[in-house]
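Analysis of the macromolecular model
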Amino acid sequence: MEQAIVSGLILGSIYAIIAQGYYITYITTNTLNFGQGDFLMLGALLGLTSIGMLAAAGVPVYLSLILAIAIVIIIKSVLGILLEQVAIKPLRHFFSIGWILSTVAVSIIIRNIAMLIWGRNVIPFPSPLGEKVIRIGTIGIAPHEIFAAISAVVIMALLFFFLKKSLLGKALSAVAFNKDAASLMGINPRFMALFSFALSSALAGIGGILVGPITNTAFYMGAGLGLKAFAVAIIGGLESPGGILVGGLLLGVLEQLVALWDSSFKDASAYVLILIVLAVMPQGLFGARRKEKF
């Protein structure tokens, strides 16, 4: 039981990081990247390749991990900007669901390109931190799981500070609240939209490097993880970063506890939880209530 709870908290914190990408683009542009899971997959495979190349060049283990994260952040930020320019901006005002279809199309393209480059088989992602399990009482934790948990906490703290305290984060919130008023105050909504997609994609890439050594990598790994991250955003409340964190931890622990009973119901538990939450609280656990006008 204790092992399942710890593993669930670690996995849930990674879900929350990925789901914050949905939050950032939604509050800024009222759109979502439904290819977020495949952006995660690409981050994991790029991270695996980068670490391998850096290690082969003689770069120390810890430095290669840090450099791989930096490489993935840069590449994914550029891809996020391209996504907004190619798949969101042209179709956003064309018809209401145009951007939904275009982001799904981009995700399928990325998935197929990844299959051509890295192949169809599962690729082991050996952690640069080693595989020796650390025992704490009855709980066994791999070094990479500790690294993932600490990284998730630090990233979430930095993200909350950025959104609430920094000038750029406040500008994002201002655009989300009232784009026209933000423009009158000198804020460029177009820059904010591009920045939000760059940040969202970078978070997916970091999530890929964190989750890769835990789940191993494959060109299809993003589909399930992206859906679960979306489930986390819906459960916690799409406009509540704190709620998304709670939703991620809740879903991660629930999955692991259900797996103790029957692993075949592990994935289904996420969607059962969504149905229950939406039936009782349609806005999510921490989403703002809105009165419908008829």
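This is a predicted model, so every value here is computed, not measured.

With respect to the element layout, Met192 can be found in helix α8 (residues 189-215). Of the residues examined, Met192 reaches a relative accessible area of 4% and is grouped as buried. Counting along the chain gives 156 residues from Met192 to Gln36, while the straight-line C-alpha distance between them is 19 Å. With residues near it in sequence (within four places) discarded, Met192 still touches Thr28, Leu168, Ala171, Leu172, Val175 and Ile187.

Moving on to the pattern of salt bridges. For the structure shown, the criterion picks out three salt bridges. The salt bridge partner of Glu255 is Lys228, with a shortest N-O separation of 2.9 Å. A residue pair is termed long-range when its members are at least 10 positions apart, and Glu255 in helix α10 (residues 241-261) and Lys228 in helix α9 (residues 221-236) qualify at 27 residues. Comparing Glu255 with Lys228 shows no difference in burial state: the two are buried.

Our next topic: the packing of helix α1 (residues 2-29) against α8. Two numbers describe how α1 lies on α8: the axes approach to 9 Å, and their chain directions differ by 170°. Classified by the angle their axes make, α1 and α8 are roughly antiparallel. Residues Ile10, Leu11, Ile14, Ile17, Ile18, Gln20, Gly21, Tyr22, Ile24, Thr25, Thr28 and Thr29 of α1 pack against Met192, Ala193, Ser196, Phe197, Leu199, Ser200, Leu203, Gly207, Leu210, Val211 and Ile214 of α8. Residue composition of the contact of α1 with α8, by class: 15 nonpolar, eight polar and no charged.

The rules we used
Residues numbered from 1 in each chain as written. Predicted model: local features only at pLDDT ≥ 70, side-chain atom pairs only at ≥ 80, totals over all residues. Heavy atoms only, no water. Helix = DSSP H or I, 4+ residues; strand = E, 2+ residues; numbered from the N terminus. Buried < 20%, exposed > 50% of the residue type's maximum accessible area, 1.4 Å probe, protein only. Contact = heavy atoms within 4.5 Å. Salt bridge = Lys/Arg side-chain N within 4 Å of Asp/Glu carboxyl O. Axes fitted to C-alpha atoms, helices over the stretch in contact; angles between N-to-C directions. Parallel < 35°, antiparallel > 145°, perpendicular 65-115°, else oblique. Nonpolar A, V, L, I, M, F, W, Y, C, P; charged D, E, K, R; others polar.

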